[in-house]
Amino acid sequence: MVKSCDVIVGGGGMVGLTLALALAGGGLDVVVADPLAKDAALDCGFDGRVSALAYSAVRMFQALGIWPHLEAQAQPIDDILVTDGAPGRAPSPLSLHFDAAEAGVPLGHIAENRHVRAALFAAAEGMANLRLAAPAALCDLTVEAQGVTALLGNGESWRARLAVAADGRDSAMRARMGIGVVGWSYPQTGIVATVEHERPHNAVAYEHFLPAGPFAILPMTSNRSSLVWTEREALAPRLMALPDQAFNDEIAARFGAHLGATRSAGPRWSYPLKFHLARAIVRPRFALAGDAAHGIHPIAGQGLNLGLKDAAALAETVLDAARLGLDVGTLDVLKRYERWRRFDSFTLAAATDALTRLFSNDIAPLRALRDLGLGVVDRIGPARRFFMRHAAGDIGKLPRLMRGEAA
Ligand SMILES: Cc1cc2nc3c(=O)[nH]c(=O)nc-3n(C[C@H](O)[C@H](O)[C@H](O)COP(=O)(O)OP(=O)(O)OC[C@H]3O[C@@H](n4cnc5c(N)ncnc54)[C@H](O)[C@@H]3O)c2cc1C
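Caption draft 1: Region of interest: the overall build of the protein chain. When helices and strands are tallied, the protein chain shows 12 helices and 21 strands. Here the analysis covers contacts within the protein chain between residues at least 6 apart in sequence; of these, 73% occur between residues at least 24 apart. For the protein chain, the accessible surface area stands at approximately 16,600 Å², while carbon and sulfur atoms represent 57% of it.

Okay, structure coming up:
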């Protein structure tokens, strides 16, 4: 039997679930399908990453009732310190410093991805018009003039006015709809580990540019930080296989002494680093959101923030159309979402790609130039404040949810 809803979302990751909460909060009937059972998505071994949530994303989580389930486990960022250097070499004296007090808004929060997912599930609990089908992949979509029919892995069929693919970077639904991507791989791997340290981090996030790529130390609750260590692709497997003591020594050589003795706690994860942009983000009765639409280097910690902005903009576009009594799946409505998001995603993706290339090498003239650039930006107040507003996500046309208002 074919059941009916307003919107079917393929992918119950952080972007898909946030979008579903926004749409359901606006009164639409929403079904989210994901091949991963809820328990598996929350398991400690599934995803060891943290996310730097920009303040605009935090405001969105507040507006959607997600934040009360996450706040106690999220670490505010009061300062960001950016330096250039090499393992065992003192950081360049020309560094860049962002201070939340000067920005006038918090720079953001660091939250473990598993805690974000748990908060999203908690906020969804008890919402009668939001149904989570998991484990159940979105297996097929058939688009017709009046609606779209989705076939799920658990055998259910759903008829909706709109289908959204938030099924991650290798989106099967993007391919199913014939949307290609422009993309490439970086010769780099992202190594992620949680590090315990002797001294408090005082809510400071460090981005240390090493020859192999950025080495980010992101403050977590207690005396812990999350390491996002970009390393040459060829060297990463050897680092991943090191015994604990040798791995800790490698961390200490890059970390510096400012946090006292350091020790990796828990498992290590590694992620191949890639870039991609979908050639289109809408089709009749179909839209892409999150990593299904774009994947960027984690150098600036903006991938999830970009996806959450998709969710906020798509929810606003769809709910505005529904309030006017329009059919929310028509190309006219969806093109508004595409016009809103494409330029912003392209600009940020291009900027992170350029930053990655500029900061992932040890070529002396480039090193001198970027040191000088960091020093210059640090000395010019308006330039510094511009970058801080970027880090806080307070830039461009912000959807209502990201301003803390209802969608
Ligand atoms: C090392 C690293 C560090 C990062 N750090 C940051 C950071 O600090 N800040 C930040 O903003 N971003 C960061 N990012 C980027 C961020 O992690 C991603 O942008 C974000 O997780 C994308 O979320 P998503 O929901 O779009 O996709 P995903 O998290 O990939 O979720 C996709 C979901 O779709 C499901 N799915 C797959 N196939 C199907 C199907 N056929 N049907 C239905 N469901 C399906 C999957 O099970 C999954 O639940 C980082 C990335 C890396 C690699």
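Back to the text.
Caption draft 2: Seen up close, the site of the ligand. Surrounding the ligand, one finds 27 residues, the nearest of these being Asp34, Ala52, Leu138, Asp291 and Leu304. Gly301 places a main-chain nitrogen or oxygen 3.0 Å from a nitrogen atom of the ligand. Within the contact set of the ligand, a nitrogen atom lies 3.4 Å away from a backbone nitrogen or oxygen of Gly303. Burial of the ligand by the surrounding chains reaches 86%, relative to a free accessible area of 1,000 Å².

Caption draft 3: Spotlight on the sheet that holds strand S9 (residues 130-133). Sheet architecture is open: 6 strands sit in the order S9-S3-S2-S13-S20-S19, paired in mixed fashion. At either margin of the open sheet sits one strand with a lone partner, and together these are S9 and strand S19 (282-283). Here strand S3 (residues 30-33) runs beside S9; their pairing, made up of 4 bridges, is parallel. Within S9, the position partnered with Val30 by the bridge is Leu130.

Caption draft 4: Highlighting the pairing of strand S10 (residues 138-143). Sheet topology places S10 next to strand S11 (residues 148-152); 5 bridges connect them, and they run antiparallel. Bridge pairing in S11 places Val143 opposite Val148. Connecting S10 to the next strand, S11, in antiparallel fashion are 4 residues.

Caption draft 5: Structural detail: the side chain of Glu338. On the secondary structure map, Glu338 appears in helix H10 (residues 331-359). Look at Glu338 and you get buried, because its relative accessible area is 11%. Polar contacts involving the side chain of Glu338 include one to the side chain of Lys335, which spans 3.0 Å. Apart from the residues lying within four places of it in its own chain, the contact partners of Glu338 are Ala280, Ile281 and Val282.

Caption draft 6: Region of interest: the pattern of salt bridges. Enumeration over the complete set of coordinates arrives at 25 salt bridges. Across the pair Arg341 and Asp344 runs a salt bridge whose closest N-O atoms are separated by 2.6 Å. Highlighted residues: Arg341 and Asp344, both in helix H10, separated by 3 residues, approximately one helical turn. The class of Arg341 is buried, set by a relative accessible area of 1%. Residues joined in a network through salt bridges with shared partners are Glu231, Arg232, Glu250 and Arg254.

Caption draft 7: Up close: the sheet that holds strand S5 (residues 75-76). The strand order across the open sheet formed by 3 strands is S4-S8-S5, and the pairing between neighbours is antiparallel. Bordering the open sheet on either side are strand S4 (50-53) and S5, each of which pairs with just one other strand. Of the pairings in the sheet, the one linking S5 to strand S8 (residues 109-112) comprises 2 bridges and is antiparallel in character. What sits directly across from Gln75, in S8, is Ile110. Here helix H5 (residues 113-124) sits on the sheet in contact with S4 and S8, set at roughly 85° to S8.

Caption draft 8: Inspection of the packing of aromatic side chains at higher detail. Under the definition given, this model contains 3 aromatic pairs. A ring pair is formed by Trp184 and Phe275, whose centres lie 4.3 Å apart and whose planes are at 5°; its orientation type is stacked. Here Trp184, found in strand S14 (residues 181-197), pairs with Phe275, found in strand S18 (residues 262-278); they are 91 residues apart in sequence, far enough to count as distant. Overall, the relative accessible area of 33% leaves Trp184 in the partly exposed class. We classify Phe275 as buried; its relative accessible area is 6%. An angle of 65° between the planes, with centres 5.7 Å apart, marks the rings of Phe215 and Trp229 as edge-to-face. Of this pair, Phe215 sits in strand S16 (residues 213-220) while Trp229 sits in strand S17 (residues 224-232), and the two are 14 residues apart along the sequence. Of the two residues, Phe215 and Trp229, neither departs from the other in class, the shared state being buried. In this arrangement the basic side chain of Arg49 is found over the ring face of Tyr271, its NZ or CZ atom lying 4.5 Å from the centre. If you follow Lys397 out to its NZ or CZ, it ends over the ring of Trp340, 4.0 Å from the centre.

The rules behind these values
Residues numbered from 1 in each chain as written. Predicted model: local features only at pLDDT ≥ 70, side-chain atom pairs only at ≥ 80, totals over all residues. Heavy atoms only, no water. Helix = DSSP H or I, 4+ residues; strand = E, 2+ residues; numbered from the N terminus. Contact = heavy atoms within 4.5 Å. Areas by Shrake-Rupley, 256 points an atom, 1.4 Å probe, with all protein chains shown as cover. Near = heavy atom within 4 Å. Polar contact = N/O pair within 3.5 Å; in protein donor to acceptor, adjacent residues only side chain to side chain. Pairing = 2+ DSSP bridges. Buried < 20%, exposed > 50% of the residue type's maximum accessible area, 1.4 Å probe, protein only. Salt bridge = Lys/Arg side-chain N within 4 Å of Asp/Glu carboxyl O. Axes fitted to C-alpha atoms, helices over the stretch in contact; angles between N-to-C directions. Phe/Tyr/Trp six-rings, centres within 6.5 Å; stacked < 30°, edge-to-face > 60°. Lys NZ or Arg CZ within 6 Å of the ring centre and 35° of its normal.

Keep in mind these values describe shape, not function.
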